[in-house]
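A structural walkthrough
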Amino acid sequence: TARAIMILHLLEHLNKLRIVLASASPRRVYALQSLGLQNIEVIPSRFEENLDKKLYTPSEYVLATAMGKTKEVWQRLSQQEGAPDIVIGADTIVVLDSTILEKPKDHEHAKAMLTSLSGRSHQVLTAVCLVHDKGSISSFVTSTKVRFAQIPPACVDAYVVSGAPMDKAGGYSIQVSAGSSFIEGVE
């Protein structure tokens, strides 16, 4: 991919560093490995994801959450065993009509989210934060417009019962075949 090409000349150096992913997400591990990073240490963040959404725009909110996760792991490791070379944290949200959708709380919440997304377009925002060079912070936010097809209620029910939506913002993931089947278009 284009992203992998952009860091290709840095891989030898990067793979000698202690790089920590502040997430237990297998999708995030896979994304880093697909860039050619080999020795990713996975240390999930303990950051409470409970920021007051009313105080932020969606972009600010997702960035503040990603920064909170990343800084928490950086500070914890710095105090316990010495700072790693790089800590990478991220957060993803779905935004529908200015409403931020995160991971569903339960099956009913997942059902409501997916039903609200059915036949509509929404934004998927992902923020990535890196703490490096003894505490310097770099970050960015990406936005993707996603259009869902109409999802029959029976499909929503079956998908929710499978448990697949429970650890994904908006209740779906483009990387998982069942969730990605709801997607009609991406811009």
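In this section: unusual backbone geometry. Phi at D97 is positive, roughly 50°, even though this residue is not glycine. Topologically, D97 is positioned in the loop between β3 (86-96) and β4 (99-101). One non-glycine residue, K134, lies in positive phi territory at about 60°. Within the secondary structure, K134 sits in the loop between β5 (121-132) and β6 (136-148).

The next subject is the nonpolar core. In terms of nonpolar packing, the biggest core is built from 19 residues, with V94, L114, L117, F148 and Y172 touching the most fellow members. Going through the elements one at a time, β3, α5 (107-117), β6 and α6 (153-161) are the ones with two or more residues in this core. For this core, the element with the most residues is α5, which contributes four residues.

Looking now at the side chain of E102. Looking at the element boundaries, E102 is found in the loop between β4 and α5. Taking the relative accessible area as the measure of exposure, E102 reaches 16% and is therefore buried. In terms of polar contacts, E102 uses its side chain to reach the side chain of K53, at 2.9 Å. Contact partners of E102, with chain neighbours within four places excluded, come to E49, K53, Y61, I93, M113, K168, A169, G170 and G171.

A word on the packing of aromatic side chains. Overall, the coordinates contain four aromatic pairs when judged by the stated rule. Aromatic side chains F148 and Y172 sit 4.7 Å apart centroid to centroid with 65° between the ring planes, which places their arrangement in the edge-to-face category. Remark: Y172 occurs in the loop between α6 and α7 (177-180) and F148 occurs in strand β6; sequence separation between them is 24 residues. Under the relative-accessibility criterion, F148 is labelled buried at 1%. Taken together, a centroid distance of 5.9 Å and an interplanar angle of 55° make the contact between F148 and F182 tilted. Of the two residues, F148 is situated in strand β6 and F182 in the loop between α7 and β7 (183-186); the sequence distance between them amounts to 34 residues. Among the aromatic residues, those joined into a ring-pair cluster are F148, Y159, Y172 and F182.

How each quantity is defined
Residues numbered from 1 in each chain as written. Predicted model: local features only at pLDDT ≥ 70, side-chain atom pairs only at ≥ 80, totals over all residues. Heavy atoms only, no water. Helix = DSSP H or I, 4+ residues; strand = E, 2+ residues; numbered from the N terminus. Core = buried A, V, L, I, M, F, W, Y, C linked by side-chain atoms within 4.5 Å. Buried < 20%, exposed > 50% of the residue type's maximum accessible area, 1.4 Å probe, protein only. Polar contact = N/O pair within 3.5 Å; in protein donor to acceptor, adjacent residues only side chain to side chain. Contact = heavy atoms within 4.5 Å. Phe/Tyr/Trp six-rings, centres within 6.5 Å; stacked < 30°, edge-to-face > 60°.

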